Amino acid sequence: MTASATSRDQLQIAARAADAKGGEDLLALDVSEPLPLVDIFLLVTGRNERNVAAIADEIEEKLLEAGHKRLRREGREESRWILLDFGDLVVHVFHEQERVFYGLERLWKDCPVVPIDLPAHAE
């Protein structure tokens, strides 16, 4: 199994939204093989709690505008690790310390990376 076209479309929308709000270290993993109900995990890091919340809010808004329904949201109150479940795509927006502590990259290291197409930033 590989990630569907729909989940890849969701990924691009979410990644661009995260990038627009200063999300860092974006990593998308195709988890469709070990998790048949989910295609892609998107991992994003925010610099502080406000940034984590802003990133998650922007991702949610852009996916909803594109017609994708959010199934679940966890962690918004603390804004240290916010999980957004859109079915085929699950977004994890982490505070820097939580990302290092939980190490989802290590846990899912055998899953293929899904390319993310982001616009180039002017320096």
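Look above for the structure.
Residues numbered from 1 in each chain as written. Predicted model: local features only at pLDDT ≥ 70, side-chain atom pairs only at ≥ 80, totals over all residues. Heavy atoms only, no water.

**Some thoughts on the pairing of strand β5 (residues 89–95)**
Link 1 in the chain: The element β5 is extensively covered by neighbouring structure, given that seven of its seven residues are classed as buried.
Link 2 in the chain: A two-sided burial pattern is seen for β5, the buried positions comprising Leu-89, Val-91, Val-93 and His-95 on one face and Val-90, His-92 and Phe-94 on the other.
Link 3 in the chain: When strand β2 (residues 40–46) meets β5, the two strands line up parallel, connected through seven bridges. When the bridges of β5 are listed, Leu-43 appears paired with His-92. (Buried < 20%, exposed > 50% of the residue type's maximum accessible area, 1.4 Å probe, protein only. Helix = DSSP H or I, 4+ residues; strand = E, 2+ residues; numbered from the N terminus. Pairing = 2+ DSSP bridges.)

**Re the sheet that holds β5**
Link 1 in the chain: Read from one edge of the open sheet, five strands run β1-β2-β5-β4-β3, paired in mixed fashion. Among the strands making up the open sheet, the edge pair consists of β1 (24–30) and β3 (72–74). Averaged over all adjacent pairs, the angle separating strand axes in this sheet is 10°, with direction ignored.
Link 2 in the chain: Its contacts with the sheet place helix α1 (residues 5–20) against β1, β2 and β5, and it is angled at close to 5° to β2.
Link 3 in the chain: The strands that helix α2 (residues 49–65) touches are β2, β3, β4 (81–85) and β5; relative to β5, the one it contacts most, it runs at about 160°. (Axes fitted to C-alpha atoms, helices over the stretch in contact; angles between N-to-C directions. Contact = heavy atoms within 4.5 Å.)

**A word on unusual backbone geometry**
For residues that are not glycine, phi is negative in most cases, and the peptide bond is trans in most cases.
Link 1 in the chain: Here Asp-25, not a glycine, exhibits a phi torsion of approximately 50°, which is positive.
Link 2 in the chain: Positionally, Asp-25 belongs in strand β1.
Link 3 in the chain: Using a relative accessible area of 57% as the deciding quantity, one classes Asp-25 as exposed.
Link 4 in the chain: A positive phi angle is found at Ser-79, which is not glycine, with a value near 55°.
Link 5 in the chain: Turning to its location among the elements, Ser-79 is positioned in the loop between β3 and β4.

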